[in-house]
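Listed below are the residues making up each chain.
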Amino acid sequence: MPSFGARLLGALLLALAAATAPAQPPKRVLLLHSWGPVFGDLYAKDMRVQLSRQMPGHLELYEEWLVSARFADRQEDAAFAGYLGTLFADHPVDLVITLGAPAANFVQRYQQSLFSSTPELLADVEERRTADSSLTPNETAVAIGVSFPAVVQNILRVRPQTSTLAVVIGNSPIEKFWVGQIRDALEPIKSRISLSFLTELPFSEVLRRIATLPPRSAILYILLSPDIEGIPQDEDTALAQLHAVANAPMFSYTDAYLGKGIVGGPLISGEEQGRATVSVAARLLSGEDPSAIRLPPIGVGKPQFDWRELKRWNISESDLPAGSTILFRDPSAWERNRWQLLATAAVLVLQSGLIVGLLHERRRRRNAELNSHRHLAELARMNRRSTIGELSTSIAHEISQPLGAILRNTEAAQAILNKGSPDLEELKDIMADIERDERRANEVINRLRGLLANVPTETKDVDPNEVVREVFEFLSAQAAARGIALTTSLAPGPVYVSGDRIQLQQVVLNLVINGMDAIGAAVTKERRITGHTMLVDRTAAEVAIEDSGPGIQMDTVEHIFEPFFTTKETGMGVGLSIARTIVANHLGRIWAENLYGAGAVFRFKLPLAKKADRERLPAQTAVSG
Ligand code: ADP
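Our subject in this report is the structure included herewith. Computed from a prediction, not measured in an experiment: that's the story for all the values here.

Conventions and cut-offs
- What you see as residue numbers is a count from 1 along each chain, following the sequence as written.
- Only residues with pLDDT of 70 or above have their local features reported here, since the model is predicted, and side-chain atom pairs are shown and tallied only from 80 upward, although totals for entire chains, interfaces and linings are computed over all residues.
- Side-chain measures were taken over the full set of non-hydrogen atoms in the model, leaving aside hydrogen atoms and water.
- The numbering of helices and of strands both runs from the N terminus, where a helix is a DSSP run of H or I of at least 4 residues and a strand a run of E of at least 2.
- The buried label goes to any residue with under 20% of its type's maximum accessible area, the exposed label to any with over 50%, and the partly exposed label to all in between, with areas taken from a 1.4 Å probe on protein chains only.
- Pairs of residues are marked as contacts when any of their non-hydrogen atoms sit within 4.5 Å.
- The accessible surface values rely on the Shrake-Rupley method and a 1.4 Å probe; as for residues, cover is taken only from the protein chains in view.
- In this analysis, strands are considered paired if DSSP registers two or more bridges between them.
- Here an angle of 0 to 180 degrees is reported between the N-to-C directions of two axes, which are lines fitted to C-alpha atoms, with helices fitted over the stretch in contact.
- Here, proximity means that at least one heavy atom of the residue falls within 4 Å of the molecule or strand.
- Polar contacts here mean pairs of N or O atoms no more than 3.5 Å apart (in protein, one a potential hydrogen donor and the other a potential acceptor; neighbouring residues in sequence count only if both atoms are side-chain atoms).
- Definition used in this section: a nonpolar core is a set of buried Ala, Val, Leu, Ile, Met, Phe, Trp, Tyr and Cys residues joined via side-chain atoms within 4.5 Å.
- Segmentation into domains, and thus their bounds, comes from an automatic or database assignment.
- Here a Phe, Tyr or Trp ring, Trp counted by its six-membered ring, pairs with any other such ring whose centre lies within 6.5 Å, and the pair is stacked when the planes are under 30 degrees apart, edge-to-face when over 60, and tilted otherwise.
- The criterion for a charge sitting over a ring is simple: Lys NZ or Arg CZ within 6 Å of the ring centre, and within 35 degrees of the ring normal.
- With the far helix as reference, a near helix turned anticlockwise by less than a right angle produces a left-handed crossing, and one turned clockwise produces a right-handed crossing.
- Each residue is assigned to one class: nonpolar for Ala, Val, Leu, Ile, Met, Phe, Trp, Tyr, Cys and Pro, charged for Asp, Glu, Lys and Arg, and polar for all the others, Gly among them.
- By convention a crossover is right-handed if, when the strands point away from the viewer, the path from the first strand over the helix to the second runs clockwise.
- Throughout this description, the term salt bridge denotes a Lys or Arg side-chain nitrogen within 4 Å of a carboxyl oxygen of Asp or Glu.

1. Overview of the overall build of the protein
When helices and strands are counted, the protein shows 19 helices and 19 strands. Here the protein holds 625 residues, and the buried ones make up 47% of them. Expressed as a percentage of contacts within the protein between residues at least 6 apart in sequence, the contacts between residues at least 24 apart total 73%. Approximately 31100 Å² of the protein is accessible, and the part contributed by carbon and sulfur atoms is 55%.

2. Considering unusual backbone geometry
A negative phi angle is the norm for most residues apart from glycine, just as the trans form is the norm for most peptide bonds. Phi is positive for D124, close to 55°, though the residue is something other than glycine. Backbone geometry at N314 places phi at a positive 60°, although glycine is not the residue there. Mapped onto the secondary structure, N314 falls in the loop between α11 (307-312) and β12 (325-327).

3. Observations regarding the sheet that holds strand β2 (residues 59-65)
Pairing within the open sheet is parallel, and its five strands lie in the order β2-β1-β3-β4-β5. The sheet is open, and its two borders are formed by β2 and β5 (139-144), each paired with just one other strand. Within this sheet the neighbouring strands show an average axis-to-axis angle of 15°, counted without direction. With six bridges joining them, strand β4 (residues 120-126) and β5 adopt parallel strand pairing. Its bridge partner being in β5, E120 is matched across the sheet by E139. Sheet strands in contact with helix α10 (residues 270-285) are β1 (27-33), β3 (95-99), β4 and β5, and its direction is about 170° off that of β5.

4. Examining the site of the ligand
The full set close to the ligand counts 18 residues, and D547, T566, T567, K568 and G573 are the nearest of them. At 2.8 Å, a backbone N or O of G573 approaches an oxygen atom of the ligand. Between G575 and the ligand, the recorded distance is 3.4 Å, taken from a backbone N or O atom to an oxygen atom. Against a free-state accessible area of 530 Å², the protein chains account for coverage of 92% of the ligand. Looking at the shell around the ligand, the elements with two or more residues in it are α17 (501-521) and α18 (575-585).

5. A look at the sheet that holds strand β10 (residues 264-268)
Spatial strand order, β10-β11-β12: three strands in an open sheet with mixed pairing. Both outer strands of the open sheet, β10 and β12, are each paired with one neighbouring strand and no more. Taken pair by pair, the neighbouring strands of this sheet meet at an average axis angle of 40°, ignoring direction. Note that β10 and strand β11 (residues 300-306) share four bridges and pair antiparallel. Of the residues in β11, the one forming a bridge with I268 is V300.

6. Observations regarding the side chain of E63
In this fold, E63 is placed in strand β2. Of note is the side chain of E63, whose polar atom sits 2.9 Å from the side chain of H33.

7. Details of the environment of T98
The residue T98 is located in strand β3 in this model. In this structure the C-alpha to C-alpha distance between T98 and A123, which are 25 residues apart in sequence, comes to 5.7 Å. With residues near it in sequence (within four places) discarded, T98 still touches L32, A103, A104, V107, L121, L122 and A123.

8. Digging into the nonpolar core
Counting residues in each nonpolar core, the largest one holds 80 residues, and the members touching the most others are I97, L165, V168, I210, I222 and L242. Three or more residues apiece are contributed to this core by two domains, here domain 1 (6-144) and domain 2 (148-267 + 300-330). Formed by 41 residues, the second largest nonpolar core is a distinct cluster that contains V467, A491, M516 and V543.

9. A closer look at the packing of aromatic side chains
Within the structure shown, the criterion is met by eight aromatic pairs. Feature note: the residues F80, Y83, F106 and Y110 constitute an aromatic cluster, connected by ring pairs. Taking NZ or CZ as reference, R589 lies 4.2 Å from the ring centre of W591, over its face.

10. Some remarks on the packing of helix α8 (residues 203-211) against helix α9 (residues 238-245)
Following both chains from N to C, one finds α8 and α9 inclined at 35°, their axes separated by 8 Å at the closest point. As for the relative orientation of α8 and α9, their crossing is right-handed in sense. Residues F203, V206, L207, I210 and A211 of α8 pack against A238, Q241, L242 and V245 of α9. Residue composition of the contact of α8 with α9, by class: eight nonpolar, one polar and no charged.

11. So, the pairing of strand β7 (residues 194-198)
Pairing of strand β6 (residues 164-169) with β7 involves five bridges; the strand directions are parallel. Pairing of V167 across the sheet is with F197, part of β7. Running through helix α7 (residues 173-186), the crossover from β6 to the neighbouring parallel element β7 is right-handed.

12. A short note on the pattern of salt bridges
Taken as a whole, this structure holds 21 salt bridges when the rule is applied. Between E205 and R208 there is a salt bridge whose closest N-O contact spans 3.0 Å. In this pair, E205 and R208 are both assigned in helix α8, three residues apart and thus about one turn of the helix distant. The partner of E288 in a salt bridge is R283, and the shortest N-O contact between them spans 2.9 Å. The class for R283 is partly exposed, based on a relative accessible area of 29%. A network of salt bridges, in which partner residues are shared, links E205, R208 and R209.

Have a look at this one:
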C-alpha cells in the first residue's frame, strides 16, 4: 500500500548515511517500489536530494519499480526477476528494501534465486501479508496493522446516520486480497451497514456511482492502482477525481490520504512508519541479524481530521473523538491578514487618538471662545460706557434741551394762570409742548439705557437705515460742539439685516466717534461725517461712514482692527476690533479705505435678513451721496 511519504525516504537515507562510515566502501541498497516511477517519484525525489547532500560516495542506491504489480496476471514477474538477477550478479546489494505488498511478495518469491543471503526489509506492508511465520531468517518487516472494524466504527462515530459503505478498491491481486479481508472483517456488522464494493468497474463508472450514492452513504477509499480502464497507470490523481464528484464523505486508514480528500479518523502514520523503517535499515546495514528484528505492526495513531472535509460534510468538531487533531484549518482572518489588520489597528488607534485629541482641542476652543465671548461682551460694555462718557456733552445737551423747554413752558403756564382770565387754549398748547419735551427727554434716557444695558444678544430684523439715523441723531449735539456736520445718505426704504440692533448701533457709534476724533485733531477745510447705507447686489446691505479727516496713517492701515492698537494718546484701541467682531458675528465684513484727497471711509457689509425681505426691497438701489 503506497502510504509512505517523502519524509520516509529522506530520513531513511540520512540513517543509512549514518550507518556507513566514510572510510568503508559504500553500501549498496536496492529500493524496490510496488508502484510505477511517477507515483514512486514522490518518495525518490526527496531521497535523491538527501543522497547528494548528505553522503556522496557512501551509499549506492538502486531503485526499481515493479510495474507488473498493477496487472492482474503476473506473467512478467519472472522476466523482471531475471533482469534484476543479471543486474546485480557481479555486484550484490547489501540490503533490499521493499515498499508495499506487491514488492514484498515478489522478493519473497524470488529470494532464493536473487537475494539468498541479502537482508531484506519489507516496509509498508500489512501484517496479514507478512506474518512472522512467512518471514525467512533473512527477512524482517516494518508492517502496519489495519483494523477495518475500527475504520467503520470511526465512520459511524462522525456520521452515525451512515447505512451504506461504498468501498473503492481496484482489481489487482493485492486489491482482490483486500476485498476479501474487508468483507470478512465487516461481516459482524453487515446488518448495521451494507457494503458495496466498487471494483472491477471502469473508472468512469466508479465516478458516476460515487456521485450518485444513496443518502446516508460513506466511502471507504483503499487503493486504485490497477488494470482498470480509465485509471491513470501511474499517478495519484484517482483520489482527487473521486473527491471532486463524491456525494458522500470519504474515509481511509492511512494519513497518506489526509489532505487529499478523506475526512480522517485514527490513521496509520506514514511518519511513524518512516522512522521505524529507517531505524531498522540502519541496524541491518550495521550487521544485525534480520531474524532478530521482529517488530509489532504499527497501529493507528491519534485521530486526525481534515477541517475542510468536516465543513464540507457538516461534521461538528464536538462529534470527533477526544484528542483529535484538526488539520488544514483555513487560516483565520487574523492569521491571513495579520499585518494588514495590525496596520489597520494602528491606524485606528492613531485615528482614535487624533479624534480624542481633536475633541479635546475643540472643547478647549469652545471654552476659549465662550470666555472670549464673555470678555468681548465685557469689553463691548466698557467700550460703550467710555463712549457714553465721552458723549456727556451730547447727552447733557440732549436732555437739557427738553428739560429747559419744559421749565420755560411751565413758567409760561404759571404766568397765564396768574392772569385774571387765563387763556385755556394757550394753556392747552403749552401742556402739549411740555408733554412732547418730556417724551423727548424720556427717549434720550431710554436710548442711553439701551446703550448701557447689560442685555443679551438679541437677533431680530434690523434696518441699518434706522441704526445710522439713531446714532447720527444721538451724536448730533456732540458733533455740533466740535464743529462737525453729520449728514446721512440712506437707501430708499428698509434694507433689513438679521442682527442685534444695539450691537450694530455700537459699530456705527464707534466709527462716527473715530471719524470725529480724526477730524477734531486736523486742520481741514471741511469738517463733515456722512453716513451712507446702500443695497449691494440685492443680497447685502452696506453701511459706510465717511469722514473728511486726514485719513488713516499708511503705516497703520494693517493694524487698526487689531485689539489694543491705537495712535491716540488716551485711546484704548478696542473700538475697531469690537466693531470687527460684531460684524463678523453678523456674518459680515468690515474694512477701511482712504479717500482720494482727504479723509477715510469705513465700510461694513451684512447679508440681508431673509429672501422675503429681499423681495420687498425697492427696485433701484440707493447710491451714496
Ligand atoms: P482708539 O479709537 O481707541 O484708538 P480704535 O480701535 O477705534 O481705537 O482705532 C484704532 C486706530 O485706528 C486709531 O487709533 C486710529 O489710528 C485709527 N483710526 C480709526 N478710525 C480712523 C479714522 N476715521 N481716520 C483715521 N484713522 C482712524
